[in-house]
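Listed here are the chains, written in short residue letters.
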Amino acid sequence: DSDYTDLHVGLLSWRPETGMDFDLKLIRDRFLSSISDIATRCKNRKFRFVRFITLGDILHIDNSRQTTTNGTFQQVDGRIAKIFDYAADMLIAAVLELKKLRAKIEYVYVAGNHDRDTGYFLAKCVQLAFNKDESVVFDIEPNPLKIKNYGVSVVGYGHGDVPRKNLAEWIIKQFRKETAEAKYVEIHYGHLHNKTEEELSGCRIIRLPSLCESSYWEHQQGYTCERALMCFVWNMDKGKRETWITNF
C-alpha cells in the first residue's frame, strides 16, 4: 500500500521566508515523481492488489476564503477551483500509472483536518473518473478511521488528529474481532508531517512523512521534517515484508 498524507496541494511557500519554494507545480512534479518511483520498483513483480491510500489534507484549504475546515487562514497558490483541478488531475494520473501494474487497485479516502469537505469531493471526483473501470475499486466512505486486512495483518488508517490517549484504543474497541484474529496490528497516521514509530496497547503506531514543504507558520515555529513517501509490501501469510521510502 502507498500512503499519501498531507500533500497540501495549494500550499504556497517562498524561499526568502522559509528557505524553500513550494507551489502547485512543485507538488505536482514531486507527487508524480513518487508515483513513477513506485511503478519502477514494482516492475517485473506480481502483486495481488495495490492500495492507494490518502490520509487527509490532500488539499491545503477547504473553501474560497482560503481557510481550513475550522477557519484557519492559509497562504495558497491560486483560487480553490485551480487548486482542486490540479489535485484531481494529479490523482487521476496516479491511478492511470498504477493501472499499468496490471493489479487490482483500491483507492482509499480518509478525511483530514484541512480539507474535510473538499477532500471528500476530490475523492468522489476520482471515483467518477473510473466508474466504468472494474480494475479500480473505491472506499471513499467519510468515516475518518478505517481498517484494511492483509492476511495475518490488520492495518488501521486515520489522519492522526486524535487525542494521544485514543491513538490505538479505537482499533481495539471498534474492531475487536479483526484485531483479535490478526497476528500483526498497526495504525498509519499523518498530520504531523514527520516519521515516528512506537508501540501502544500492542499496536505499532506509524506516523508518516509528507511530500510538502513547510508553510511560513511551520517554519517560524521551527518544525522541520524529511520529505518522503512511504510504501509497504505485505505478504498475506508472513506480514509486512518491505518498506519503500521515496526521498526528496
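The structure this text deals with has already been given above.
Quick caveat, the model's predicted, so the values are computed rather than measured. (Residues numbered from 1 in each chain as written. Predicted model: local features only at pLDDT ≥ 70, side-chain atom pairs only at ≥ 80, totals over all residues. Heavy atoms only, no water.)

A. Structural detail: the packing of helix H2 (residues 24–42) against helix H3 (residues 80–99). Across the interface, H2 lies against H3 with an axial gap of 10 Å and an inter-helix angle of 10°. On the basis of their axis angle, the class for H2 and H3 is roughly parallel. Packed against H2, whose contacting residues are Leu-24, Lys-25, Ile-27, Arg-28, Phe-31, Leu-32, Ile-35, Ile-38 and Ala-39, the element H3 presents Lys-82, Ile-83, Tyr-86, Met-90, Leu-91, Ala-93, Ala-94, Glu-97 and Leu-98 at the interface. Residues that form the contact of H2 with H3 fall into these classes: 14 nonpolar, no polar and four charged. (Axes fitted to C-alpha atoms, helices over the stretch in contact; angles between N-to-C directions. Helix = DSSP H or I, 4+ residues; strand = E, 2+ residues; numbered from the N terminus. Parallel < 35°, antiparallel > 145°, perpendicular 65-115°, else oblique. Contact = heavy atoms within 4.5 Å. Nonpolar A, V, L, I, M, F, W, Y, C, P; charged D, E, K, R; others polar.)

B. Region of the structure containing helix H4 (residues 118–129). Helix length check: H4 (12 residues) gives 17 Å between terminal C-alpha atoms against 16 Å at 1.5 Å per residue, within 8%. Three or more residues of H4 are buried, namely Thr-118, Gly-119, Leu-122, Ala-123, Val-126 and Gln-127. In the core, the buried residues of H4 are packed alongside H3, strand E3 (104–109) and strand E4 (136–139). (Expected span 1.5 Å × (residues − 1). Buried < 20%, exposed > 50% of the residue type's maximum accessible area, 1.4 Å probe, protein only.)

C. Summary view of the packing of aromatic side chains. Taken as a whole and assessed by the stated rule, the structure comprises 12 aromatic pairs. Taking 6.0 Å as the distance between ring centres and 65° as the angle between the ring planes, the aromatic pair formed by Tyr-109 and Tyr-120 counts as edge-to-face. Linking Tyr-109 in strand E3 with Tyr-120 in helix H4, this pair joins segments that are 11 residues apart in sequence. What makes Tyr-109 buried here is its relative accessible area of 5%. For Tyr-120, a relative accessible area of 28% gives the class partly exposed. Summarising the aromatic geometry, the rings of Phe-232 and Trp-234 are spaced 6.4 Å apart at their centres and angled 45° between planes, so their arrangement reads as tilted. In textbook terms, an aromatic cluster arises when at least three aromatic residues are bridged by ring pairs, as seen for Tyr-4, Phe-31, Phe-52, Tyr-107 and Phe-138. The ring of Tyr-150 is capped by Arg-51, whose NZ or CZ atom sits 4.7 Å from the centre of that ring. (Phe/Tyr/Trp six-rings, centres within 6.5 Å; stacked < 30°, edge-to-face > 60°. Lys NZ or Arg CZ within 6 Å of the ring centre and 35° of its normal.)

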